[in-house]
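Structural characterization, general
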Amino acid sequence: MISEALILDGARVAADMKEKLGDKVSRLAEQGVIPCLATILVGGDPASATYVKMKGNACKRLGIQSIRIDLPEHTSTEELLAAIRELNLDPKVHGILLQHPVPHHINERAAFDAIAIEKDVDGVTTLGFARTAFGFADFPACTPAAIVAILDYYNIPIEGKHAVVIGRSPILGKPVSQMLLNRNATVTTCHSKTTNLADLVRLGDIVVAAVGKAKFVQADWIKPGAVVLDAGYNEGNVGDVDYEACLENVSAITPVPAGVGPVTIATLLKHTVEAAEKAVSV
Ligand code: NAP
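Residues numbered from 1 in each chain as written. Predicted model: local features only at pLDDT ≥ 70, side-chain atom pairs only at ≥ 80, totals over all residues. Heavy atoms only, no water.

Concerning the state of the cysteines
Following the criterion strictly, the structure yields zero disulfides and no others. With no disulfide of its own, Cys59 lies closest to Cys36 among cysteine sulfurs, the gap being 8.3 Å. What makes Cys59 buried here is its relative accessible area of 0%. Here Cys246 is not cross-linked by a disulfide; its sulfur's nearest cysteine counterpart is in Cys190, at 15 Å. (Disulfide = S-S within 2.5 Å. Buried < 20%, exposed > 50% of the residue type's maximum accessible area, 1.4 Å probe, protein only.)

This is the structure we're talking about:
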């Protein structure tokens with residue numbers, strides 16, 4: 001067993017981010033501007049409704065306005081696009097978040113891509129992804145940005161390290177791989193068709209779990225001294241990593257809950273405030 005693992009406290013990182021944001025919100029208020037996040041929820045999925053509510057409450061606590069647009073389950077792609085376009089044109093709205101997943105009959109990619117790039121605070125548009133890949137996105141996807149923010153907060157070096165990312169979704173695995181690559185890590189991105197997963201994960205100085213399967217990553221896959229970031233959030237507040245077992249050989253690890261999750265929400269707020277600042281400076 002290596003020396004005691006550092007628990008990467010997402011609540012602490014998020015609190016630090018929000019404290020800095022408070023000053024920015026006050027300065028915007030002096031100019032008569034209240035940052036505003038519009039969230040669209042299509043259908044009545046209870047988990048999505050809870051996430052939207054949590055984000056709305058987080059906005060309120062920081063003096064950010066949040067507008068919630070609830071659309072019925074049977075909303076068509078065209079109707080959703082029309083709602084997004086209306087928000088794009090509304091100067092009071094600085095950020096737009098389309099809660100996903102949307103119902104299956106909707107063209108989700110078309111809906112994401114209808115969001116104006118300057119209001120894409122959740123980093124979901126194709127253009128936003130491309131800018132992230134090139135390394136100059138204003139608003140990369142929030143969970144990948146949160147993972148990098150946690151590493152930076154704790155001064156954990158990225159450059160020259162081998163990062164293994166498990167998952168390649170457009171909002172998480174792929175962008176976090178690109179962001180770590182842009183920070184000069186050597187990155188291996190794994191997915192469901194990866195054949196020698198455990199062996200690859202064992203190469204990782206930094207391991208990012210973004211799979212969506214409870215306790216999927218096993219302790220004996222982790223190289224002693226590796227840093228583990230668990231983006232997973234599964235039923236029963238369980239991450240994608242077998243946390244208790246991995247504590248034995250990691251040098252640092254994010255818990256679930258209170259790891260990546262709170263920093264993801266703080267990142268969304270940060271992006272919304274920055275979008276408001278940019279709108280003012282135009
Ligand atoms: P997703 O779209 O379902 O993607 C899961 C990824 O895992 C896919 O790329 C999939 O590979 C890969 N995968 C599935 N089974 C695998 C296996 N046996 N071996 C290796 N890879 C496998 O999920 P997501 O949206 O990226 O979310 C991932 C997790 O993060 C979920 O638990 C989600 O709840 C959580 N999440 C957390 C936050 C937060 O704020 N903390 C935000 C977003 C998501 P294929 O591409 O081959 O299918």
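Quick notes on the UniProt feature "binding site: NADP(+)" (unreviewed entry) in the chain
Mapped onto this structure's residue numbering, the UniProt feature "binding site: NADP(+)" (unreviewed entry) falls at Gly167, Arg168 and Ser169. Locating Arg168 in the fold gives a position in the loop between strand S5 (162-166) and helix H7 (173-182). Discounting chain neighbours no more than four positions away, the residues touching Arg168 are Gly173, Lys174, Thr189, Cys190, His191 and Lys193. By the element assignment, Ser169 lies in the loop between S5 and H7. On the basis of relative accessible area, Ser169 is assigned to the partly exposed category, the value being 28%. In this structure Ser169 touches Lys174 and Pro175, once residues within four positions along its chain are discounted. (UniProt positions renumbered as here; feature names shortened; annotations may be inferred. Helix = DSSP H or I, 4+ residues; strand = E, 2+ residues; numbered from the N terminus. Contact = heavy atoms within 4.5 Å.)

Concerning the domain arrangement of the chain
Structurally, the chain comprises domain 1 (32-117) and domain 2 (141-260). Computed over C-alpha atoms, the centres of domain 1 and domain 2 are 28 Å apart. (Domains from an automatic or database assignment.)

Concerning the site of the ligand
In the region of the ligand, 23 residues are neighbours, and Arg168, Ser169, Ser192, Lys213 and Ala231 sit closest. For the ligand, an oxygen atom lies 3.2 Å from a polar atom in the side chain of Thr264. Starting from 930 Å² of accessible surface for the ligand in isolation, the protein chains cover 69%. A total of three residues in the shell around the ligand trace back to one element, the largest contributor, which is helix H10 (residues 260-281). Its residues placed into classes, the shell around the ligand shows ten nonpolar, ten polar and three charged. (Near = heavy atom within 4 Å. Polar contact = N/O pair within 3.5 Å; in protein donor to acceptor, adjacent residues only side chain to side chain. Areas by Shrake-Rupley, 256 points an atom, 1.4 Å probe, with all protein chains shown as cover. Nonpolar A, V, L, I, M, F, W, Y, C, P; charged D, E, K, R; others polar.)

Observations concerning the nonpolar core
Leu8, Ile147, Ile150, Leu151, Leu180, Val208 and Leu229 are the most contacted members of the largest nonpolar core, which has 30 residues in total. Broken down by secondary-structure element, the contributors of at least two residues to this core are helix H1 (10-30), helix H6 (142-153), S5, H7, strand S7 (206-209), strand S8 (226-230) and H10. Take this core: its biggest share by element is six residues, from H6. Ignoring any residue separated from it by four or fewer positions in sequence, one finds Ile150 in contact with Leu8, Val13, Leu229, Thr254, Gly259, Val260 and Val263. Judged by nonpolar contacts, the second largest core, of 21 residues, contains Ala38, Ile69, Ile96 and Ala111. (Core = buried A, V, L, I, M, F, W, Y, C linked by side-chain atoms within 4.5 Å.)

Some points on the sheet that holds strand S9 (residues 250-253)
Within the open sheet, the six strands sit side by side as S1-S9-S8-S7-S5-S6. Their pairing is parallel. In this open sheet, the two strands that pair with only one neighbour each are strand S1 (6-7) and strand S6 (186-190). Bridge count between S7 and S8: four bridges; the pairing is parallel. Note on S8: the bridge partner recorded for Val207 is Val228. Lying on the sheet, H6 is in contact with S7 and S8; it crosses S8 at an angle near 140 degrees. Taken strand by strand, H7 contacts S5, S6 and S7, and its axis lies near 175 degrees from that of S5. (Pairing = 2+ DSSP bridges. Axes fitted to C-alpha atoms, helices over the stretch in contact; angles between N-to-C directions.)

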